[in-house]
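# Coordinate analysis (summary)
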Number of protein chains: 2
Amino acid sequence: MKSVGIAILGFGTVGAGTYNILAERKERIKEEYGVDITVKAIYVRNPKKAITNGAPQELVTSNFDDIITDSSIDIVAECIGGIEPAKTLLIESLKAGKNIVTANKELFAKHWGELEKYASKTKAGMYFEATCGGGIPVIRTLTQAMQANTILQIKGIINGTTNYILSRMSDEGASYENVLADAQALGFAEADPTADVEGYDASYKLAILSSLAFNKFLPAELIYREGISKVQAEDIAIGKQLGFTIKLLAIAKLIDGKIEARVHPVFLKNSHPLASVSGSFNGIFIVGDNVGDIMLYGRGAGSLPTGSAVVSDIVFCARQIEHARYAEISDVITKQDIISDFTSDYYMRMTVLDLSGVLSQITSIFADNNISITSMRQDAGEGVVSIVLVTHKSSENNIRKAIKEIESLSEVQKVNAVIRVEK
Amino acid sequence: MKSVGIAILGFGTVGAGTYNILAERKERIKEEYGVDITVKAIYVRNPKKAITNGAPQELVTSNFDDIITDSSIDIVAECIGGIEPAKTLLIESLKAGKNIVTANKELFAKHWGELEKYASKTKAGMYFEATCGGGIPVIRTLTQAMQANTILQIKGIINGTTNYILSRMSDEGASYENVLADAQALGFAEADPTADVEGYDASYKLAILSSLAFNKFLPAELIYREGISKVQAEDIAIGKQLGFTIKLLAIAKLIDGKIEARVHPVFLKNSHPLASVSGSFNGIFIVGDNVGDIMLYGRGAGSLPTGSAVVSDIVFCARQIEHARYAEISDVITKQDIISDFTSDYYMRMTVLDLSGVLSQITSIFADNNISITSMRQDAGEGVVSIVLVTHKSSENNIRKAIKEIESLSEVQKVNAVIRVEK
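Attention here is on the structure that accompanies the text. Owing to the predicted nature of the structure, the values given are computational and were not obtained by experimental measurement.

Residue and element names in this part refer to chain A. Look at the link from Glu84 to Pro85: it is a cis peptide, with omega at 10 degrees. Its place among the elements puts Pro85 in the loop between strand 4 (73-78) and helix 4 (86-95). Of note in the backbone geometry, Lys123 takes a positive phi value of approximately 60 degrees without being a glycine. Within the secondary structure, Lys123 is located in the loop between helix 5 (105-122) and strand 6 (126-127). Take Lys123: its relative accessible area is 58%, and that puts it in the exposed class. Here the phi dihedral of Asn215 falls at roughly 60 degrees; this positive angle occurs in a residue that is not glycine. Tracing the backbone shows Asn215 in the loop between helix 10 (200-214) and strand 8 (224-225).

Bringing the nonpolar core into the picture now. Soluble globular proteins: nonpolar side chains tend toward being buried together. Counting residues in each nonpolar core, the largest one holds 168 residues, and the members touching the most others are A:Val138, A:Ile165, B:Val138 and B:Ile165. Beyond its immediate sequence surroundings of up to four residues, B:Ile165 is in contact with B:Tyr176, B:Val179, B:Leu180, B:Ala183, B:Val197 and B:Ile228.

Moving on, we get to the interface of chain A and chain B. At the junction of the two partners, chain A supplies 48 residues and chain B supplies 47 residues. Between chain A and chain B, roughly 3900 Å² of surface is buried when both sides are summed, and carbon and sulfur atoms account for 49% of that area. Applying the counting rule to chain A against chain B returns zero salt bridges. The interface formed by chain A and chain B holds 18 residue pairs in polar contact (both at pLDDT 80 or more) in total. For the side of chain A that touches chain B, the secondary-structure elements that each account for two or more residues are helix 1 (13-33), helix 6 (138-144), strand 11 (281-288), strand 12 (292-299) and helix 12 (303-319) of chain A. Classifying every residue of the side of chain A that touches chain B by side-chain character gives 22 nonpolar, 14 polar and twelve charged.

Before going further, it helps to examine the pairing of strand 1 (residues 2-9) of chain B. Residues and elements named next belong to chain B. For strand 1, the tally of buried residues reaches six of eight residues, placing the bulk of the element in the interior. Relative to strand 2 (residues 35-43), strand 1 runs parallel, the two being bridged by eight bridges. By the bridge assignment, Ala7 is partnered in strand 2 with Ala41. After leaving strand 1, the chain enters helix 1 (residues 13-33) and then returns to the sheet as strand 2, a path that is right-handed. In terms of strand pairing, strand 1 meets strand 4 (residues 73-78) through five bridges, oriented parallel. Residue Ile6 lies in a different strand from strand 4, and its bridge partner there is Ile75.

In this section: the relation of the copies chain A and chain B. Turning chain A through 180 degrees and shifting it by 0.0 Å along the axis lays it on chain B, with an RMSD of 0.0 Å. When the rotation and shift are considered jointly, the pair of chain copies conforms to a two-fold rotation axis. Of the C-alpha atoms belonging to chain A, the one lying closest to the rotation axis is found on A:Leu296, 2.3 Å away. Here 98% of the interface residues in chain A have copies in chain B that are interface residues too; the copies meet face to matching face.

Two faces belong to every sheet, and in a regular strand the side chains alternate between them. Residue and element names in this part refer to chain A. For strand 17 (residues 412-422), the tally of buried residues reaches eight of eleven residues, placing the bulk of the element in the interior. Note that strand 10 (residues 258-269) and strand 17 share three bridges and pair parallel. Following the sheet pairing, Leu268 is matched in strand 17 by Glu422. Here eight bridges tie strand 13 (residues 343-353) to strand 17, and the two strands are oriented antiparallel to one another. Bridging from a neighbouring strand, Arg349 pairs with Ala417 of strand 17.

This part takes up the packing of aromatic side chains. Residue and element names in this part refer to chain B. Applying the stated criterion to the full structure yields 24 aromatic pairs over all chains. Between Tyr127 and Phe316, the ring centres sit 6.0 Å apart and the planes meet at 70 degrees, which makes this aromatic pair edge-to-face. Note that Tyr127 is positioned in strand 6 (residues 126-127) and Phe316 in helix 12 (residues 303-319), a separation of 189 residues in sequence. Looking at Tyr127, the relative accessible area reads 0%, which means it is buried. For Phe316, a relative accessible area of 6% puts it in the buried group.

Looking now at the side chain of B:Thr161. All names here are of chain B. In this structure, Thr161 sits in helix 7 (residues 160-172). One polar contact links Thr161 to Asp196, side chain to side chain, over a distance of 3.4 Å. If we skip the residues at most four places from it in the chain, Thr161 touches Phe188, Ala189 and Asp196.

Each value, and the rule that gives it
Residues numbered from 1 in each chain as written. Chains lettered and ligands numbered in written order. Predicted model: local features only at pLDDT ≥ 70, side-chain atom pairs only at ≥ 80, totals over all residues. Heavy atoms only, no water. Helix = DSSP H or I, 4+ residues; strand = E, 2+ residues; numbered from the N terminus. Buried < 20%, exposed > 50% of the residue type's maximum accessible area, 1.4 Å probe, protein only. Core = buried A, V, L, I, M, F, W, Y, C linked by side-chain atoms within 4.5 Å. Contact = heavy atoms within 4.5 Å. Buried area = accessible area lost by both parts, 1.4 Å probe. Salt bridge = Lys/Arg side-chain N within 4 Å of Asp/Glu carboxyl O. Polar contact = N/O pair within 3.5 Å; in protein donor to acceptor, adjacent residues only side chain to side chain. Nonpolar A, V, L, I, M, F, W, Y, C, P; charged D, E, K, R; others polar. Pairing = 2+ DSSP bridges. Right-handed = clockwise from strand over helix to strand, strands pointing away. Least-squares fit on C-alpha atoms with pLDDT ≥ 70 in both. Phe/Tyr/Trp six-rings, centres within 6.5 Å; stacked < 30°, edge-to-face > 60°.

Below, the structure written as structure tokens:
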């Protein structure tokens, strides 16, 4: 039987999950997959802490040379997170010809191309199922199940923290600030929640998924990004009446050879399969030209789901260790390949003075900008009127221009919210 | 670049879809996956018909020896369906050391073990993604993404015809007979619909999925099976009021080392992710001990979705053709390993005479059989009362015993419906 040695870098949530699963399932993996996988080393900065958290003392090291020079280590599983020292350690591993498995979406999204260069020199494999969607086999699906398809669209709920916050805001009618504070207290959101709530995390994952889907690297900075921190409880409540669910969606589309890539809050029609993906669950909707619509759903984070994805990559790599590579992308998507003026339906809420003629001015601005309205409602308040409307498919640039013009009207107090609508 | 030769057996819906995708994507597959795949032969009984349907004349043969003796053919993709001649042709192919890809669920469910013996002799690979769930990558998920998990449950909507019929019955309030006739006219159901509507097709697929999930062959005949032909519009309507959606569900569970496997109509709680899988779509819900709940969703049938799965297997196999095997199961699940007295919640509707004391007799029968009631409602008609009730989790055997006793009461006209409830 083939014997394969593993080093785990980091012993936090994911590293510990990976170690525990490998220890617990060693015999089952031998029996079912014909490979004998042994953890040879656990690399951490603070050995004492790792040992306290359950890492066996004899495996723990804080000297990375122990790993590089150990020829019995075939696979390095990186579960540290962040850019450094993870990046340097993975590059050293690849240089030494060791296959790498990583759960690090930020690092992989930003430096995949660079890692790829080192990997191709030594023919080491790179596996990264755990970077996107936790235990959901989305990378496996894109690389091992969509060979017959040109991927036309990816739409994903791929950040559990924001989905948890939006689901609770929606269920409880609570404000963003209150739910965020509670999510932080419960450990569902970080003390500094920026990476999640401003959509950075989702944009890293979308960059990885899109690169595989379109077979060209998509730099995360080319993705249009808008977070959830401005989403208001009032709009969620109105959206519900209109048959919409609020979600932070990561969207990538291939249109006439160009790429549209964006992360922002949307109103999803309740009948869309992604609309029922709630709480900390993730869901990824993929459209292929032959397979049509498929969707994958599951836990997007957590020690065991993410550890499950890391272990899956380890076994997948271990079984084909002689020719372990699977993604060899060389082209890069540039700004010229990106559609920045995308089209969408739009929901808008604005507050205007209760004066005659206002509505006619607003509708004529829409008409001048080629925006047609699907539905509109007005609610009168004290001297002001709240207008809620949904447009037909419109150009993003036209919408922005129209909003600027509307905001410049003296009778308009405020454009309170603009939310894109996905059907 | 590696060159791989393919023979396609059969040129019906799936065979033609497979051929067309391979022809159209040849260059893309070379570029993205590094293998040059060429269709060398199309084997059919009736060459004229295949050529009329678009098969290139120079590839078509009705002589199977042409395929067996052609050493440039590495993979035989069987798209005929049914047991014979498909079985004999696949065995001949395996004997000749050719890898096989098949979309044939009935054949594979019934004869996997036998095919495995031939395959293991010549070390030929067997790939069967297209047998279950059309274009949904469920086989890939179970074999390549769940290595870190003991699979605890599979619940699937895996027959498009019955899901289409039940969805339309539910949407339109129509009877089974009317919707079936219409589905037949539209080509969504066969002239003889038995295999679909009586749950055979779903049981074959469940046998394949369970065998992979539990790493032991599950013979389809050990699966408890009940079709949809007795589902009544009235119960669907009442179920809606109770928050349930009707589905034909294929369920397999691992409980204390034993297997529960069944195909039958269920009332699914509307909040369950599978409840919104409607029309001809399929959905498969998998619970792993580490990954938790995942769900896969997509088109379960059709020329291109199923062709997409066949082509995916062909590329998957072609890239690892030197060691192409992936499922080596030897154990078989026997009757002793099966839990026949499973537990479930139950919905029941019965018609009783409008006499005092009837209800007390019925409820005491339930109590005697350890069945407790969650909710009950009565609707009086002309001299009769319709009773609808939902139980807490109960044993199947106790339910059957209770129904027998209730039916024997002279005041009970009929137990109209018994539908298991899944949460």
